[in-house]
Amino acid sequence: MLFPGGARKPPPLNLTHQTPPWREEFKGQVNLHVFEDWCGGAVGHLRRNLHFPLFPHTRTTVTKLAVSPKWKNYGLRIFGFIHPARDGDIQFSVASDDNSEFWLSLDESPAAAQLVAFVGKTGSEWTAPGEFTKFSSQVSKPRRLMASRRYYFELLHKQDDKGSDHVEVGWRAFLPGLKFEIIGPAHISLYTDESSLKMDHVAHVPQSPASHVGGYPLHEESSVDMLHPDPRDTFFLTPRMEPLSLENVLEPCAYAPTYVLKDFPIARYQGLQFVYLSFIYPNDHTRLTHMETDNKCFYRESPLYLERFGFYKYMKMDKEEGEEDEEEVQRRAFLFLNPDDFLDDEEELELLDNLEPTDGSLQQSRRTPTPAASTGTPATPTPPTSSPPDEQTPRHSRALNWASRPLPLFLGRAPPPRTAEKSPSKVYVTRVRPGRRASPRALRDSPWPPFPGVFLRPKPLPRVQLRVPPHPPRTQGYRTGGPKVTELRPPVRVQTTQGGREGHLHGQGLTEPTVDLNSSVETQPVTSFLSLSQVSRPQLPGEGEEGEEDGAPGDEATSEDSEEEEEQAAGRPLGRWREDAIDWQRTFSVGAMDFELLRSDWNDLRCNVSGNLQLPEAEAVDVVAQYMERLNARHGGRFSLLRIVNVEKRRDSARGSRFLLELELQERGGGRQRLSEYVFLRLPGARVGDEDGESPEPPPAASIRPDSRPELCRPLHLAWRQEVMVHFIVPVKNQARWVVQFLADMTALRVQTGDSHFNIILVDFESEDMDVERALRAAQLPRYQYLRRTGNFERSAGLQAGVDAVEDPSSIVFLCDLHIHFPPNILDSIRKHCVEGKLAFAPVVMRLGCGSSPWDPHGYWEVNGFGLFGIYKSDFDRVGGMNTEEFRDQWGGEDWELLDRVLQAGLEVERLRLRHFYHHYHSKRGMWATRSRKGARTQ
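Residues numbered from 1 in each chain as written. Predicted model: local features only at pLDDT ≥ 70, side-chain atom pairs only at ≥ 80, totals over all residues. Heavy atoms only, no water.

Looking only at helices and strands, one finds 15 helices and 32 strands in the chain. Split into buried and exposed, the 939 residues of the chain put 54% on the buried side. Within the chain, counting contacts between residues at least 6 apart in sequence, those at least 24 apart form 81% of the total. Here the chain displays about 42,500 Å² of accessible surface, and carbon together with sulfur accounts for 51% of that area. (Helix = DSSP H or I, 4+ residues; strand = E, 2+ residues; numbered from the N terminus. Buried < 20%, exposed > 50% of the residue type's maximum accessible area, 1.4 Å probe, protein only. Contact = heavy atoms within 4.5 Å. Areas by Shrake-Rupley, 256 points an atom, 1.4 Å probe, with all protein chains shown as cover.)

Shown next, in the form of structure tokens:
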């Protein structure tokens, strides 16, 4: 846009430096400005409003920083002063649906306001009520505040026409383990009293950097949290402490976890079910929060309950004395259907029409059980269902109730997250099974249990009229054209309004379900809590069969329009919609929710947008404190802790937990050093066998603390080597553009890290589109090997040939793919998680979608793929290497078959999602599907 005077820069901001007089009676509430009828879910959309910020539709006050008016398409501006309870460092966090920003001034002046926390910038980001740690941007840095002063703040919130609207601000003292609490009336006050002012009086309205377009950051950062800088990305550049200085810090102890499957017989491809996940601290934001409009794995309550009441379970609306709780009344009247009438999670997944296409050979190899390589047992027609000794019952979340049966084993790749074709969604819509009927006796005697995850007492059910009149009854104050329940549609976000919920229940005339035995399946209507307009109506007498499509005469909108036309033809005036009063001062209370802490270490294959498991802060700090105490006792207090960079925990409930501690330390009189060591927190009284699982030994008395708490010890034979050679083994054929890209990435990796202890082994199956060997010579790599093979492309044979070319058995081989984007710390990650005789590494790669790039990643985590695998060559040879005989003419199952044998050999398999670790999207056209014209295959 052109600004006055022709200058291509915004005009100077007219910021407010002088605040109006403040009085003591201003305490207990803050100013609230409402901008109605404005679409969009981003705060940037609110700033585009012509009337923002001086001319809101409504000026009122609110008594706490937690507002949920239950409305749509509006923007809020809440401002005033914060009065700290005491001096100290305070952290703030904001949560909202949809976007929001929290600005805080250095003093009482609006001109000094700074953006300290926000939820999203594009309008697609949102959080649950009380979910203060979903995005990294939600939590502010600690700010030093004084109780004797007041600080100007401004809270901006934008809500679109979907979802359960809310916005809240929490604060906490900057101490480990404390939760955020909503800022209440005892610590807020008005900016000024607007009760006697007219709407055209705007001189008092504060103008801050938050309320002007010019104050918005010109360079918008990426909305993907994983792209933001993290200390883990470059920590490998910090010099590591000498191993000799850490030898006698902890007492040595045997390490033999109970979940190791040494010599334990497992069925073909069952090893995937015995891979557990590790917990990490701090949050590395590998959770794909920007993808959760397509796949919501963290909010798996009853779909019907979430659709009807949103996050009512986590929030309680404040009400005045004598006021009846509206949501409680509706919750009591909620009509629960029989769970057998709805599709379960597995059946929904089978009906997805956008599963990633796979070759027939891939499906056959992963879906047809074959004899295991180690046992030679005959093939069975059913997939394995056995479980490890300590996992007889399926793991599930304590509060989220994931699944009431063992998790399904996807014999194939994880399905990509569903793409929202029409509008972003926030809750699931449960599909009704077509063609199911229940007898009158079954309906009468059914206990109508609530769905899993909804903790309600069963109530007597009202009666429901099943016969649908020609025109569904119209309700006042609520109008919808929602999707039909019986159709397989993408999940949609359903919003409810205050007046809409009242008319929604009273307009239906809920009665007990009855069934006409003479009616056919086609004429059997669906009983649901949804309004009749949202249910697929049966064909009524007198209607044509061609009117059952979307938009046909059977739809609600068409019947309403025809009804209005009849009213006009009869000369009757059209009915008016009742305008409901909106309670802009509605407040609520929440408990701080962290859905990350409700997950278990079970490898959940159904959720491919979830990130690494989160380790509670208090537990990580406690382990680090114990180690630092022992370290300084050994070295006379020479080291001080600067930062906890990374803590990884593998849990063993029977014997103790293994931790990888990565700390940044400052040596007295020296520089900064990196500590990266494995420690073991052994449970008191646990008996641990030796490395062969024999001759169990009691823990030494020195390793048990007087208070019977677990004590840290140094696990034997679990030290990783910093400069061990890593061999990247990649088989290729006719992939010139990707080979060039791969070599360029490997060259850049050497330049960025200065690490020359890695080797590139390319196994070329007669590529005709480039000279692979010449490209290797031209690349500035520390070392490389070129292996040429003839015949058709065989991934298993190519990988095995690359491993056979490695001479040093005490080096790491990394079985790799060609289309990978590596983070700079990939070498360090592989070395840390590969320990000879103990540990192998299978990092989880993010598979990018079509049109997506590492700078704008959209895709999913490959949670059930083990094709990228790091292991010591000695261990690889001990388990038998690749299965080159069975997977000669196909690929797409050799990774699971190898995993089975690695686990049976007694190795642990570390499974972590790596930041900036991507699998590029690529076309499969003309790759390796065509057989070579040369018949014989030479070795």
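A few words on the packing of aromatic side chains. By the definition in use, this model includes 21 aromatic pairs. Seen from their ring centres, Phe81 and Tyr152 are 6.3 Å apart, and the 75° between their planes marks the pair as edge-to-face. One end of the pair, Phe81, is in strand S4 (residues 74-82); the other, Tyr152, is in strand S9 (residues 151-159), and 71 residues separate them in sequence. The exposure classification of Phe81 matches that of Tyr152, with both residues buried. For the pair Phe742 and Phe822, a centre-to-centre distance of 6.2 Å together with 65° between the ring planes defines the contact as edge-to-face. Here Phe742, found in helix H10 (residues 736-753), pairs with Phe822, found in the loop between strand S26 (820-821) and helix H13 (826-832); they are 80 residues apart in sequence, far enough to count as distant. Taken individually, Phe742 and Phe822 each receive the classification buried, so the pair is uniform in this respect. Against the face of Trp126 rests Lys134, its NZ or CZ located 4.4 Å from the ring centre. Lying across the ring of Tyr269, Arg268 places its NZ or CZ 4.9 Å from the centre. (Phe/Tyr/Trp six-rings, centres within 6.5 Å; stacked < 30°, edge-to-face > 60°. Lys NZ or Arg CZ within 6 Å of the ring centre and 35° of its normal.)

Attention now moves to the sheet that holds strand S32 (residues 913-919). The strands making up a sheet associate through hydrogen bonds between their backbones, and the pairing can be parallel or antiparallel. Across the sheet, 4 strands lie side by side as S26-S32-S28-S29; this open sheet has mixed pairing. Lying at the two open borders of the sheet, with one neighbouring strand each, are S26 and strand S29 (859-861). Looking at chain direction, strand S28 (residues 844-848) and S29 are connected through 3 bridges and run antiparallel. The partner of Leu848 across the bridge, within S29, is Gly859. (Pairing = 2+ DSSP bridges.)

Bringing the state of the cysteines into the picture now. Simply put, disulfide is the name for a covalent bond between the sulfur atoms of two cysteines. Going through the model one piece at a time under the given rule, you end up with 1 disulfide. A sulfur-sulfur distance of 2.1 Å marks the disulfide that ties Cys253 to Cys713. Around the S-S axis, the bridge from Cys253 to Cys713 shows a dihedral of about 70° and counts as right-handed. Taken together, the residues Cys253 in strand S13 (residues 252-253) and Cys713 in strand S21 (residues 711-715) connect sequence positions 460 residues apart. Note on Cys713: relative accessible area 1%, which makes it buried. (Disulfide = S-S within 2.5 Å.)

Grouped together as the largest cluster of nonpolar side chains are 56 residues, with contacts concentrated most on Leu815 and Phe869. Listed by contribution, the elements that provide at least two residues to this core are strand S23 (758-765), helix H12 (795-804), strand S25 (812-815), S28, strand S30 (869-872) and helix H15 (894-904). Here this core gets 5 residues from one element, more than from any other, and that element is H15. Discounting chain neighbours no more than four positions away, the residues touching Phe869 are Val813, Phe814, Leu815, Ala840, Phe841, Ala842, Leu898, Val902 and Val909. Grouped together as the second largest cluster of nonpolar side chains are 40 residues, Ala736, Val739, Ile826 and Phe917 included. (Core = buried A, V, L, I, M, F, W, Y, C linked by side-chain atoms within 4.5 Å.)

Before going further, it helps to examine the environment of His727. Its location among the elements puts His727 in strand S22 (residues 726-732). Sequence spacing of His727 and Lys873 is 146 residues, and the spatial spacing of their C-alpha atoms is 9.7 Å. With near-sequence residues (within four places) excluded, His727 lies in contact with Asn759, Ile761, Val806, Ser811, Ile812, Val813 and Phe814. Within the structure, the side chain of His727 is placed 3.2 Å from the side chain of Asn759, a separation counted as a polar contact. (Polar contact = N/O pair within 3.5 Å; in protein donor to acceptor, adjacent residues only side chain to side chain.)

Once that is clear, we can look at unusual backbone geometry. Cis geometry is found at the peptide bond from Asp97 to Asp98, where omega equals 15°. Considering the arrangement of structural elements, one finds Asp98 in the loop between strand S5 (88-97) and strand S6 (100-105). Cis rather than trans, the peptide bond between Tyr281 and Pro282 has omega equal to -10°. A positive phi angle, near 50°, is found at Asn73, a position not held by glycine. Along the chain, Asn73 falls in the loop between strand S3 (66-67) and S4. Positive phi, normally seen in glycine, also occurs at His717, with a value near 60°. Within the secondary structure layout, His717 lies in the loop between S21 and S22.

The strand order S13-S21-S20-S19-S18-S14-S17 describes an open sheet built from 7 strands, whose pairing is mixed. Single-partner strands in this sheet number two, and they are S13 and strand S17 (613-614). Across 10 bridges, strand S18 (residues 639-650) lies against strand S19 (residues 656-667) in antiparallel orientation. When the bridges of S19 are listed, Glu648 appears paired with Leu660. The strands touched by helix H9 (residues 617-635) are strand S14 (279-281), S18, S19, strand S20 (672-682) and S21; relative to S18, the strand with the most contacts, the crossing angle is about 130°. (Axes fitted to C-alpha atoms, helices over the stretch in contact; angles between N-to-C directions.)

With that out of the way, let us pick up H9. For H9, built from 19 residues, the straight-helix expectation of 27 Å at 1.5 Å per residue is met to within 8% by its first-to-last C-alpha distance of 27 Å. Along H9, the residues classified as buried are Ala620, Val623, Val624, Gln626, Tyr627, Met628, Leu631 and His635. Once H9 ends, the next one or two residues include Gly636, with phi positive near 65°. (Expected span 1.5 Å × (residues − 1).)

Any residue range with low pLDDT should be treated as having predicted coordinates unsuitable for detailed reading. In this model, the chain carries a mean pLDDT of 74, and residues with pLDDT of at least 70 account for 64%. Confidence drops under pLDDT 50 across residues 690-703; counting only partners more than four residues distant or on other chains, this segment forms 21 contacts. (pLDDT = per-residue confidence, 0-100.)

When S14 meets S18, the two strands line up antiparallel, connected through 3 bridges. Looking across to S18, one finds that Ile280 is bridged to Glu648. Hairpin connection between S18 and S19: a loop of 5 residues separates the two successive antiparallel strands.

It is worth spelling out the pairing of strand S10 (residues 166-173) at this point. Most of S10 sits out of view: 7 of its 8 residues are buried. Inspection of the sheet shows S3 paired to S10 by 2 bridges, in the antiparallel sense. Within S10, the position partnered with Ala66 by the bridge is Glu168. Where S5 meets S10, 8 bridges bridge the pair, whose relative direction is antiparallel. Across the sheet, the residue bridging to Ile90 is Ala173, located in S10. Taken together, the 2 bridges between S10 and strand S11 (residues 181-182) define a ladder with antiparallel strand orientation. The partner of Trp171 across the bridge, within S11, is Glu181.

Take the pattern of salt bridges next. Counting across every chain of the model gives 39 salt bridges. Measuring nitrogen to oxygen at the nearest pair gives 3.5 Å for the salt bridge that ties Lys27 to Glu24. By relative accessible area, which is 39% here, Lys27 ends up partly exposed. Asp877 is the partner of Lys873 in a salt bridge, and the nearest nitrogen-oxygen pair spans 2.7 Å. Remark: Asp877 and Lys873 occur in helix H14 (residues 873-878); sequence separation between them is 4 residues, near one turn of the helix. (Salt bridge = Lys/Arg side-chain N within 4 Å of Asp/Glu carboxyl O.)

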